[in-house]
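# Understanding the architecture of this molecule
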Amino acid sequence: MSAHPVRVKPLWLAGGVVFVLACSLLALMIGPTGISPWGVLVESFDRLTPGSIDSGLSRTERSIVWNLRLPRVALGLCVGAALATSGATFQGVFRNPLADPYLLGVAAGGGLGATLGFVYGWGDGLGLFDGVQVAAFIGCLVSVALTWTMGALSDRTRSTTSLILAGVAVASFFTAVQTYFQQRDTEDIRQIYNWFLGGLTTSGWDDTLQIVPVLTVCLVVLMLAGRPLDVLSVGDEEAQMLGFKVGQVRVVLVVFGALLTASAVAVSGLIAFVGLIVPHAVRLVFGSSFKVVLPLSMLFGAGFLALCDLAARTVLSPAEVPIGVITAFFGAPFFVFILRTAAHR
Amino acid sequence: MTAVEINDVHVSFGSVEVLSGISLQVEAGEWLSIIGPNGAGKSTLLRAIAGAVDISGSVLIGGSSTADLKPKERALRVSWVPQSPVIPAGMAVFDYVLLGRTPHLGLFAHESSRDIEIVEQVIADLDLESLAGRSVDTLSGGEQQRAAIARAVAQQAPLMLLDEPTSALDLGHQQEVLDVLDRLRTEHGQTMISTMHDLTLAGQCATRLVLVDRGTIVASGSAVDVLTEANIAAHYRARVQVLHRDGAVVVVPSAGNVPAL
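These notes cover the structure that comes with them. Here the structure is a predicted model, which is why all the values come from computation and not from measurement.

### Considering the packing of aromatic side chains
Residues and elements named next belong to chain A. All chains considered together, the criterion is met by 10 aromatic pairs over all chains. Relative to F330, the ring of F329 lies with its centre 5.3 Å away and its plane at 90 degrees, an arrangement referred to as edge-to-face. On the accessibility criterion, F330 (45% relative accessible area) is partly exposed. Among the aromatic residues, those joined into a cluster by ring pairs are W12, F19, F286 and F300.

### A word on helix α12 (residues 274-286) of chain A
Residue and element names in this part refer to chain A. Taking 1.5 Å per residue, 13 residues should reach 18 Å; α12 reaches 18 Å between its end C-alpha atoms and fits that length. Among all positions of α12, only V274, G275, I277, V278, P279, H280, A281, V282 and R283 are buried. Positive backbone phi, at 110 degrees, marks G287, one or two positions downstream of α12.

### Looking at the interface of chain A and chain B
Counting residues at the interface gives 28 residues for chain A and 40 residues for chain B. Interface of chain A and chain B: buried area, both sides summed, is about 2800 Å²; carbon and sulfur atoms make up 62% of it. On the surface where chain A and chain B come into contact, there are four salt bridges. For K291 of chain A, the salt bridge identified is with E111 of chain B, shortest N-O distance 3.4 Å. Taken together, the links from chain A to chain B amount to 11 residue pairs in polar contact (both at pLDDT 80 or more). Classifying every residue of the side of chain A that touches chain B gives 14 nonpolar, six polar and eight charged.

### A look at the sheet that holds strand β6 (residues 78-81) of chain B
Residue and element names in this part refer to chain B. Strand order in this open sheet of six strands is β6-β7-β8-β3-β9-β10, and the pairing throughout is mixed. Every other strand in the sheet has two partners, leaving β6 and β10 (216-221) as the edge strands with one partner each. The sheet shows a mean angle of 15 degrees between the axes of neighbouring strands, direction not considered. By the bridge criterion, four bridges tie β6 to strand β7 (residues 159-163) in an arrangement that is parallel. Within β7, the position partnered with S79 by the bridge is M160. Those strands touched by helix α1 (residues 42-50) are β3 (31-35), β6, β7, β8 (191-195) and β9 (208-213), and its axis lies near 155 degrees from that of β7.

### Focus: the packing of helix α1 (residues 10-29) of chain A against helix α3 (residues 59-93) of chain A
All names here are of chain A. It is at 9 Å that the axes of α1 and α3 come closest, and there the two elements cross at 145 degrees. In this structure, α1 crosses over α3, and the sense of that crossing is right-handed. Contact residues: α1 offers V20, S24, A27, L28 and M29, while α3 offers R69, L70, V73 and L77. Its residues assigned to classes, the contact of α1 with α3 shows seven nonpolar, one polar and one charged.

### Regarding the pairing of strand β1 (residues 2-13) of chain B
Successive residues of a regular strand alternate their side chains across the two faces of the sheet. Residues and elements named next belong to chain B. One ladder, built from nine bridges, connects β1 with strand β2 (residues 16-27); its direction is antiparallel. For V11, the partnering residue across the bridge sits in β2 and is L19. Count of turn residues in the β1/β2 antiparallel hairpin: two residues, of which G14 carries a positive phi of about 65 degrees. For β1 and strand β4 (residues 56-61), the ladder comprises five bridges, and the chain directions are antiparallel. Note on β4: the bridge partner recorded for V4 is I61.

### Structural notes on the environment of I34 of chain B
Residues and elements named next belong to chain B. Mapped onto the elements, I34 comes out in strand β3. Expressed as a C-alpha distance, the spacing of I34 and G100, which sit 66 residues apart in the sequence, is 24 Å. Each residue touching I34, except ones within four places of it in the same chain, is listed here: K42, L45, L46, I193, S194, T195, M196, V210 and V212.

### Some words on the nonpolar core
In terms of nonpolar packing, the biggest core is built from 147 residues, with V79 of chain A together with L126, L181 and L227 of chain B touching the most fellow members. No other element matches the 17 residues that α3 of chain A contributes to this core. Look past the residues within four positions of L126 of chain B in its chain and what remains in contact with it is R146, I149, A150, V153, E176, V177 and V180 of chain B. The next biggest cluster of nonpolar side chains, apart from the first, holds 28 residues, and it includes A3, L159, I193 and V210 of chain B.

### Thoughts on the pattern of salt bridges
Evaluation of the coordinates by the stated rule reveals 13 salt bridges over all chains. Across the salt bridge formed by R72 of chain A and D309 of chain A, the nearest N and O atoms sit 2.7 Å from each other. A residue pair is termed long-range when its members are at least 10 positions apart, and R72 of chain A in helix α3 and D309 of chain A in helix α13 (residues 290-314) qualify at 237 residues. The salt bridge partner of R47 of chain B is E237 of chain A, with a shortest N-O separation of 2.5 Å. Here R47 of chain B, found in helix α1, pairs with E237 of chain A, found in helix α10 (residues 236-241), and the two come from separate chains. What makes R47 of chain B partly exposed here is its relative accessible area of 24%. If you follow the salt bridges from partner to partner, you end up with R7 and K291 of chain A together with E111 of chain B in one network.

### Side note on the packing of helix α4 (residues 106-119) of chain A against helix α6 (residues 160-184) of chain A
Residue and element names in this part refer to chain A. In contact at an axis separation of 8 Å, α4 and α6 are set at 20 degrees when each is read in the N-to-C sense. Classified by the angle between their axes, α4 and α6 sit roughly parallel to one another. Crossing of α4 against α6: the hand is left-handed. Across the interface between the two elements, A108, G109, G111, L112, T115, L116 and V119 from α4 touch A171, F174, T175, V177, Q178, F181, Q182 and R184 from α6. For the contact of α4 with α6, the per-class residue count stands at eight nonpolar, six polar and one charged.

Parameters and conventions
- Residues numbered from 1 in each chain as written.
- Chains lettered and ligands numbered in written order.
- Predicted model: local features only at pLDDT ≥ 70, side-chain atom pairs only at ≥ 80, totals over all residues.
- Heavy atoms only, no water.
- Phe/Tyr/Trp six-rings, centres within 6.5 Å; stacked < 30°, edge-to-face > 60°.
- Buried < 20%, exposed > 50% of the residue type's maximum accessible area, 1.4 Å probe, protein only.
- Helix = DSSP H or I, 4+ residues; strand = E, 2+ residues; numbered from the N terminus.
- Expected span 1.5 Å × (residues − 1).
- Contact = heavy atoms within 4.5 Å.
- Buried area = accessible area lost by both parts, 1.4 Å probe.
- Salt bridge = Lys/Arg side-chain N within 4 Å of Asp/Glu carboxyl O.
- Polar contact = N/O pair within 3.5 Å; in protein donor to acceptor, adjacent residues only side chain to side chain.
- Nonpolar A, V, L, I, M, F, W, Y, C, P; charged D, E, K, R; others polar.
- Pairing = 2+ DSSP bridges.
- Axes fitted to C-alpha atoms, helices over the stretch in contact; angles between N-to-C directions.
- Left-handed = near helix turned anticlockwise from the far one by under 90°.
- Core = buried A, V, L, I, M, F, W, Y, C linked by side-chain atoms within 4.5 Å.
- Parallel < 35°, antiparallel > 145°, perpendicular 65-115°, else oblique.

Here's what the structure looks like:
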C-alpha cells in the first residue's frame, strides 16, 4: 500500500529554516547603512559562537549589526513564530478558520493593560521589566481567563461557540474600559495608538531575552500538539469517543497558545494578520494536518515577520511604518495569490 | 458473558423524555439491531450506551459503569460510528482511519508501525485501498460512511455501536460492510449494536432485534418474532407484507391504506 500517515517532510522543514535564514540575512544587510552579506554572516557567527574571527567590518558597522539590527531581527523572528503558532493552534482548537491569536479577548485585554501602563507611567520601570509590557502581558492572560470562566456560563461543557461568544463579550467590555482611560487622559493617546498598530522598536537585547524562555517552552509543547489537534478536527463528541478528555486537552492548548500570544503582544503590541494568514498559507501549500501546519507555521511566521519589519523600517526611512500596516498590505495580496494557486492545482 | 447491561435508562432533553426506562442485556458476540420509527429514540439509546448523553439509570460495559470509565478506558471498550460523522477538511482517508488508534496512544505519542499495519488491514478489508490517499471531504457519502466504519473497526474495541451504518451504501457495499462486521463478530467475538432502517437487512444481520417506539422497548426477539405485520403496522404506521424465504424475513411495502392506530 502506498499511503502513509502524514508527517512533516524533512525537506519542508529545511525549506522553512532556509527561509528564516534568508529573511534574517536580508534584514541584517539592509538599512540606512548597507552591509555586505558576508560581513553580516561572519560578524553574527563571531558573536554567537565562542572564539574570534575578524569580519572585516568597521566598529560602527559591527555595532549596527550586533546592537541594532540583530536584536530586532531576533525579536521579529520570535514574535512571528509565536503569533503564527498560536494562530494555528487556535484555528484547530476552535475548529474555526477565522480564529487568530487575538481570539478570546486577548487583544482587548492586552490593549487595556498597555493603556493603563501608559496612562499611569509604568513604562518608567518596574525593576528588570518594562511596566507597560508587564501590564499588557497580564491583561492578555486576564482576558483569556475571564473568557474561559464565562464560557462555562451558557454551556458547562464549554463548546467552541460559547467560548468564542464569551470572548466577544470580554473584548467589548475591555475595549470600553480601555477607551475610557484613553479618552480621560489624552496626552498619551499617540503612544497608545502606536502600540495598537504594533511595532518591533527595541533597545538592545532585553525584550528578546525576556520572552525567549516562555516562548521556548510554549513552542516545544505546541510542536507536539499536531496529533491531538488532528483528533479534535472530528468534533468534540467524536474526539471524546476516541478517548480524548476534550475539555482538558483544550485547556492545555489554550493556555500555551495564550501564553505565546501574551508574550508577543507584550513586546510588540498588536500585529494583525500574521497569526491568521501564515497558518492558512502553510495549509494551502503543504496540507492541512496540524502535524505539518504547526512546525511550518512557526518557521514561515518567523521569517515573514522579520521580512515585514525590514519593510516597516525602510520604506519611509528614517520614519517607520507600523508593522501591522505592512503585514496586512503585503500579506493580503499574497494570501489571494496562494488561494488562487491552490484552487488551480 | 454479558457485554452490555442497561438498567432502567431514562434520557431527557429539557422537558421531553426521549428514553423512558430502557432495560436490556446484550451478550458478548451478539449482534443486536435496534429498529423503530423516526424519533423513537434509537440513536439516543446508542448514545446513552456510548456515554455521550447524560442518563439516569445505569449502563455497564464489561461489568463497569460507563459513568466511572475515563474517556480513554471507555474508548478501549466501545467504538461508535455516528449517523453523520464530522468530516474534517483535507484529511486523507488513511489518516482519518488512523484516528481510530487514538485510545491506544498517549496524548503526545506517535503511531507505531503496529498501528499502521492495523490501519492498512482495515482499509483493505473495507475496500478503501484506492481511496486511502484521497481527502475524506472529497468522497461520496457512502465512501465517507465506509471510512467512518473503518475508523471504528481500527479502534478494535470489543463493543461496536453503529448508528445507521449502511444508510448511504449501495447494495454491494452494504453486504460487504455487514460481512466484515459479521466476521469480526464471529471470529473475534466482538459485540455489535446497530440501529437500522432497512428492516429486511436488520433481520438478516442481527442475532436479535429490539423494536423501540416512543422511548420504550415494545418488542424484542428474533426477526421472526419482531418483524410481524402487526408490529410494523402498529409502530411504523406502514402497510407491509412480511414474507418468509429460506429462513430469512423479508419486509415488503404493499399497497392499501395506512392502518389506523
